[in-house]
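Fold and contact review
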Amino acid sequence: MSIVFFQHYWWFLVSLLGALLVFLFFVQGGQSLIYQIGKKDDEFQLLLNSLGKKWELTFTTLVTFGGAFFASFPLFYSTSFGGAYWVWMLILFSFIIQAVSFEYIHKQGNLLGNGTYKSFLFLNGLLAPILVGAAVSTFFFGAEFVVNKGGITDLENPVISQWTTQWHGLEAVVGSTTQFHLWNVVLGLAVFFLARCLGSLYFINNIKNDEIQSRSRKHLLINAIAFLILFLPYLIKLLLKDGYAEQSDGTFIVEKYKYFNNFLANPYLIVTLLIGVVGVLYGIITGVFCKKSTRGIWFAGIGTVLVVLTLLLLAGWNGTSYYPSLSDINSSLSIVNSSSSLFTLKTMSVVSLLIPFVLGYIWYVWRKMDK
Amino acid sequence: MDLSLIDWSRAQFALTAMFHWVFVPLTLGLGVIMCIYETIYYRTGDEKWKRLAKFWIKLFGINFAIGVATGIILEFEFGTNWSNYSYFVGDIFGAPLAIEGIVAFFLEATFIGVLFFGWDKVSKGFHLASTWLTVGGATLSAWWILVANAWMQFPAGMDFNPDTARNELTDFWAVALSPVAVNKFFHTVLSAWMLGAAFVIGVSSYYLLKKRDTEFAKNSIKIATLVGIAGIVLTFWTGHGSAQKVAKHQPMKLAAMEGLYEGKAGAGLVGIGILNPSKEAYNDSENPFLFKIEFPKMLSWLAYSETDSYVAGIKDLVDGNEAQGIISVEEKMEMGKMAQQALKTYRTTECDSTKQAALIQLDENIGNFGYGFFKEPKNAVPPVGITFYAFHIMVLLGGYFLIFFIAYWFFNKKGILEKNKWLQILALISIPLAYICSQAGWVVAEVGRQPWAIQDILPLSASVSKIPTSSVQITFFVFLAVFSILLIAELGIMVKAIKKGVDNE
């Protein structure tokens, strides 16, 4: 099999991990709801116990997403992480404080007090989805950087990838020179509200407490509306916007309706998107209106995975630049020019055969523990 | 590159790695010990071992969370702060990190839930399996990250590709099973057992000191001393292996570890020594030591298993030593510059024959590519003081723990420990000593590797991300503050949990 196959396969895997990550953001969404849904101490305790058994999966998925991206598309790793420094640092800080909070809250001698750890959980629930969403949005709307693979031979200034704005990643959310920053914020917020929907659905499924269930259903409705108001325009904008298409000589040109064209080139992606959207909506609707139903998380969860997977595949497949450079179009990253060597991709592909096995035991243990 | 940017990036990586390493060895070491306790419970059905296992698992959990929290940053720091590095060797280096995630982290993350919350939900056997799988996952993850680290010390299994201007993987097993990686794994993990054992013995001695839970404490110590003995003996053994690998692949590091400036045959091993602070340059005439006690010929034996072998000194390695076949750094710098020039030519020229000539030139000199970045030969010398002292602290404390574990096994068996207050206090003091020993080991490995990110291939100065120094300074201090606060919180919780004790859960 050729390198082209493996590049597509690895983009699929990275996209799948990204999609699972967004689904698993139900933990973050839940954390962002602790003040609103867990009003009394014993209610909060229920939320905490429930989320406390799942947070490691989200965390681990993030770490694996990073590792897989590094192994398969190292040029993205070196360009984005080293350039958009502040966005990634903020994301990481929010996860650092999350990891300790689940363990340290309600422990004697925890120095900062329970309230602080609670606020840490909230903070991670707020920041992580917004920042990750905004960062993912730059896959479509681009970022300001230049890449020169031979840059290492410049002895005075050996630089391969460099950001061309002083904001170092914050421009993705605050905007300085890019005209697109607003859309990044839109997707960031959309992911945030989606995570809250998933969090509510998770509580409905996982916690047998009438008060929590009814509050969760109420918040589900509000957040679902907010999510749709943000996400639908984003989706439409995406279908109407330009993208960078990679030429056979490795240069890029601007193509009108690039992402729409990607749909036409891969019609099954329309199907996965639609099934995904229906799944999310069905999950939300049953969650809000069917007072007996607790299974909404599964529909919305699988729907989320399909939608995010489709979007990320649109970004990377069909000769598209998944990381367009706004500073120099030919510095843009595609799965062709940023991937690892054929040998590495092949080797990693063998390892990837373990993924179904990993998913299998996670599923098995999850079921066993929720009984 | 701006020197202060390199130093701050280096400081940040050192800071975050050292914080992470406060928690990891306890996870690995205490992990194995608690697995043994639970296994005894499983086999005997005796509830006292269950209580014992549960108590240590509780402490394990407190430590585990912050280990996870401090770990995530390290993975991403390769990208955020060492951007050139991530591209230049990402084709090789990324794979172990990805495998670590897929193979090890999920194992850990999934089964740790059962470990903490599953006592009443799953069968005894399933719980035991989960405990072992959690610790096994942690140990497996150590394997892959140490593979990555070992590769930086001894790059293997790759080829330089001029078209992509980076190193690419050609032999996965040469990386994953490199002798340096295998040795490093055992040395590191077994030393973690040593630390875990010292922790259990120290904490248990606290109960003996307070005259409470004495049966619990004695049972804990019984197993822990045995794990400690196994750990420290094997750590010494793999330490010897480690020295041999260093001698072979990183002779400069070995010379720095011993403060050896002039190479010689039958070199002695410094037992205790104080370096001369007025020695400023590797080639000035100052005596490197104010004072030292040496074991004759032992360094030669340690490095090459033969007492008369020649061990190269810093001066030989920098200036070259024809008699010993050592090329000078200056010559290597020439070759490095040739390689870099050839790469530049290859990438810019249109002419096929020039391209071919450049390829040949590149091929001949690629092994010294990294030397081309040096400004002067002395750039090749790592900080001798830190490396030397860290190495000797590690070895001396290692020796101390060898005696400590054997003696405490005996004292515990004979009931002497229970009666002797001073032994109990000494055991408590030994906990921080184990941490110092463990950290010192990493200081030797990493400071001794300087100035290289990847030995001979890429120095740190050419690895760093081009970001404002002020950004790195800010994140450095935020990490320092956040990690320090969390460490204090962890210690607070740990101390409370220990004081609360085993019977009063």
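Higher on the page you've got the structure.
No experiment lies behind these values; they were computed from the predicted model shown. (Residues numbered from 1 in each chain as written. Chains lettered and ligands numbered in written order. Predicted model: local features only at pLDDT ≥ 70, side-chain atom pairs only at ≥ 80, totals over all residues. Heavy atoms only, no water.)

Residues and elements named next belong to chain B. By secondary structure assignment, the location of Asn183 is in helix 7 (residues 179–209). Polar contacts involving the side chain of Asn183 include one to the main-chain carbonyl oxygen of Thr238, which spans 2.9 Å. Excluding anything up to four places from it in sequence, Asn183 contacts Thr238, Gly241, Ser242 and Lys245. (Helix = DSSP H or I, 4+ residues; strand = E, 2+ residues; numbered from the N terminus. Polar contact = N/O pair within 3.5 Å; in protein donor to acceptor, adjacent residues only side chain to side chain. Contact = heavy atoms within 4.5 Å.)

All names here are of chain B. Between helix 1 (residues 3–44) and helix 16 (residues 421–447), the least distance of the axes is 10 Å, while the angle of their chain directions is 125°. When the axis of helix 1 is compared with that of helix 16, the two are oblique. The chirality of how helix 1 crosses helix 16 is right-handed. In contact with Met18, Trp21, Val22, Pro25 and Leu26 of helix 1, helix 16 contributes Tyr435, Ser438, Gln439, Trp442 and Val443. Tallied by class, residues from the contact of helix 1 with helix 16 come to eight nonpolar, two polar and no charged. (Axes fitted to C-alpha atoms, helices over the stretch in contact; angles between N-to-C directions. Parallel < 35°, antiparallel > 145°, perpendicular 65-115°, else oblique. Left-handed = near helix turned anticlockwise from the far one by under 90°. Nonpolar A, V, L, I, M, F, W, Y, C, P; charged D, E, K, R; others polar.)

Contacts between the two partners involve 88 residues from chain B and, on the opposite side, 72 residues from chain A. Carbon and sulfur atoms make up 75% of the area that chain B and chain A hide from each other, which totals about 7,000 Å². Per-residue buried area on chain B facing chain A is highest for Phe76, Ile102 and Phe106 of chain B; these three make up 10% of the total on that side. Inspection of the region where chain B meets chain A yields zero salt bridges. One can count 19 residue pairs in polar contact (both at pLDDT 80 or more) joining chain B with chain A. (Buried area = accessible area lost by both parts, 1.4 Å probe. Salt bridge = Lys/Arg side-chain N within 4 Å of Asp/Glu carboxyl O.)

So, about helix 17 (residues 469–500) of chain B. Along an α-helix, residues three or four apart share an orientation, since each turn contains 3.6 residues. In a regular helix each residue adds 1.5 Å, so 32 residues correspond to 46 Å; helix 17 of chain B covers 46 Å between its end C-alpha atoms and thus fits that length. Backbone geometry just downstream of helix 17 of chain B places Gly501 of chain B in the positive-phi region, at approximately 80°. (Expected span 1.5 Å × (residues − 1).)

This part takes up empty space enclosed by the protein. Residue and element names in this part refer to chain A. For the coordinates displayed, the defined rule picks out four cavities of 30 Å³ or more. When its volume is computed, the largest cavity comes out at roughly 440 Å³. Around the largest cavity sit 35 residues that line it, and Val22, Val136, Val191, Val308 and Leu311 are the ones nearest its centre. If you list the elements that add at least two residues to the lining of the largest cavity, you get helix 1 (3–24), helix 5 (55–72), helix 7 (85–104), helix 8 (114–141), helix 9 (181–206), helix 10 (210–240), helix 12 (268–289) and helix 13 (296–316). If you tally residues by element for the lining of the largest cavity, the top one is helix 1, at seven residues. Along the lines of polarity and charge, the residues of the lining of the largest cavity split into 31 nonpolar, four polar and no charged. (1 Å grid on protein atoms, 1.4 Å probe; cavity = no way out; pocket = protein on both sides within 12 Å on 5 of 7 lines; lining within 4 Å. Points joined across faces, edges and corners; volume = space filled by probe spheres on them.)

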